[in-house]
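# Fold and geometry: a report
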Amino acid sequence: MISVALPLLAGAQAQINTKKIKIEDFTRKITKVVLTGNEFHDSSLRDEIAARWRISPYEFCSAEEFNSLKESEDYYFLLTVSGKFRKENGPGLMFLSLVKGGKNAAAGINEMLEIISVPLCPTENPSGREAVFLPAFIDIIQQYTLDSMERDLSGYTGLSNYTLNMPKSGGMDIIFAEEDLSSEITRNFRDLHFDSSLYVTDEDSADEYMTDNAPNTLVSYVVTPDDPQPGSYCYKMIISAETHQVYYYRRHRITKKTGPGFLAEDLKRIISYRGH
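For the structure given in this document, a descriptive report is provided here.

Rules and cut-offs
- Residues numbered from 1 in each chain as written.
- Predicted model: local features only at pLDDT ≥ 70, side-chain atom pairs only at ≥ 80, totals over all residues.
- Heavy atoms only, no water.
- Patch = residues over 30% accessible without salt bridge, like charges linked within 9 Å, V, L, I, M, F, W, Y side chains within 5 Å.
- Areas by Shrake-Rupley, 256 points an atom, 1.4 Å probe, with all protein chains shown as cover.
- Salt bridge = Lys/Arg side-chain N within 4 Å of Asp/Glu carboxyl O.
- Lys, Arg positive; Asp, Glu negative; His and termini not counted.
- Charge placed at Lys NZ, Arg CZ, Asp CG, Glu CD.
- Helix = DSSP H or I, 4+ residues; strand = E, 2+ residues; numbered from the N terminus.
- Pairing = 2+ DSSP bridges.
- Axes fitted to C-alpha atoms, helices over the stretch in contact; angles between N-to-C directions.
- Contact = heavy atoms within 4.5 Å.
- Buried < 20%, exposed > 50% of the residue type's maximum accessible area, 1.4 Å probe, protein only.
- Phe/Tyr/Trp six-rings, centres within 6.5 Å; stacked < 30°, edge-to-face > 60°.
- Lys NZ or Arg CZ within 6 Å of the ring centre and 35° of its normal.

Moving on to a negative patch on the surface. Together, E179, D202, D204, E208 and D212 line one region of the surface with negative charge. In this structure, E179 sits in the loop between β6 (173–177) and α7 (187–193).

Right, dumping it as structure tokens:
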């Protein structure tokens, strides 16, 4: 009896500790939206949260209030944080992160239970595109959280799991900002691989599709450090301007040979997903 019971108990314990179980109280707890002190960013964040946040009660708070409450499991926190990868000299990217309060927070934000972190912009010299995509990021964070509450697989595979949406994009246009493409995407590459549903334009024109919520249109967004160095990461996304669903999400490590932006392998993968 004991030998049979122990594996069953161990299995039950593993189930209790899954991410899905840990965040099952999310919709019943207050999400504290932490303001940064940057007037431009905070104003945009306030406006978009007020317009779009729908899955839990929320309140705005300061960084000081976050520090006083972060060890309480009564709160979740949506905050803007800088991220530094192992080989970087300093934090190169800003992320919009949703985390759960708890005792581990005493050891730092990295020890808090992370629900999702979305790459937002470089820490130095952001282009301003992050404000255009902020409404989409807030919707993406909410959808991902709800999906993670339903299925453990969603909670552990991350945003890259949404790349499974790409095969459904056959009737949609994809707008790439010229600045989002790596040096590998030459004119010859475009002539060889692009069809009439793939467009390349400047950032401002690409962003207009997002602000206009253009139907049946996907738009590119790349987040990479202002001065990318080998060891940094580049994040590449394709997002629906109409629904804010993620259709493509990948990252690659920047090396001496591989710079920032969508690589040739990304474009070939995207085109193959669409059945071309």
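Next up on the list: the sheet that holds strand β5 (residues 113–122). Pairing is mixed in the open sheet, where five strands are placed in the order β2-β1-β3-β4-β5. A single partner strand is all that each edge strand has here, and the edge strands are β2 (58–61) and β5. Each neighbouring strand pair of the sheet contributes to a mean axis angle of 25°, computed without reference to strand direction. Sheet strands in contact with helix α3 (residues 39–52) are β1 (30–34), β2, β3 (75–83) and β5, and its direction is about 170° off that of β2. Lying over the sheet, helix α5 (residues 129–150) contacts β3, β4 (93–100) and β5, oriented at roughly 165° with respect to β5.

Right, let's talk about unusual backbone geometry for a bit. Within the chain, N125 stands out as a residue other than glycine whose phi angle is a positive 55°. Within the secondary structure, N125 sits in the loop between β5 and α5. Assessed through its relative accessible area of 56%, N125 is described here as exposed. In the Ramachandran plot, N216 falls in the positive-phi region, its phi being about 50° despite a non-glycine side chain. Mapped onto the secondary structure, N216 falls in the loop between α8 (203–211) and β8 (217–223). According to the relative accessible area criterion, N216 is partly exposed, its value standing at 45%.

This next bit is on the packing of aromatic side chains. Scanning all chains against the criterion turns up 14 aromatic pairs. Their ring planes at 75° and their centres at 5.6 Å tell us that Y58 and F60 sit as a pair that is edge-to-face. Y58 sits in the partly exposed class, given a relative accessible area of 29%. Ring-pair connections join several aromatic residues into one group, and the members of that group are F176, F189, F194, Y248 and F262. Across from the ring centre of F60, 4.8 Å away, lies the NZ or CZ of R46, which sits over that ring. Above the plane of the ring of Y233 lies R251, whose end atom (NZ or CZ) is 3.9 Å from the centre.

Enumeration over the complete set of coordinates arrives at 11 salt bridges. Two residues, R190 and E178, come together in a salt bridge whose shortest N-O distance is 2.5 Å. Of the two residues, R190 is situated in helix α7 and E178 in the loop between β6 and α7; the sequence distance between them amounts to 12 residues. Here the residues in one salt-bridge network are D25, K29 and K100, joined through shared partners.

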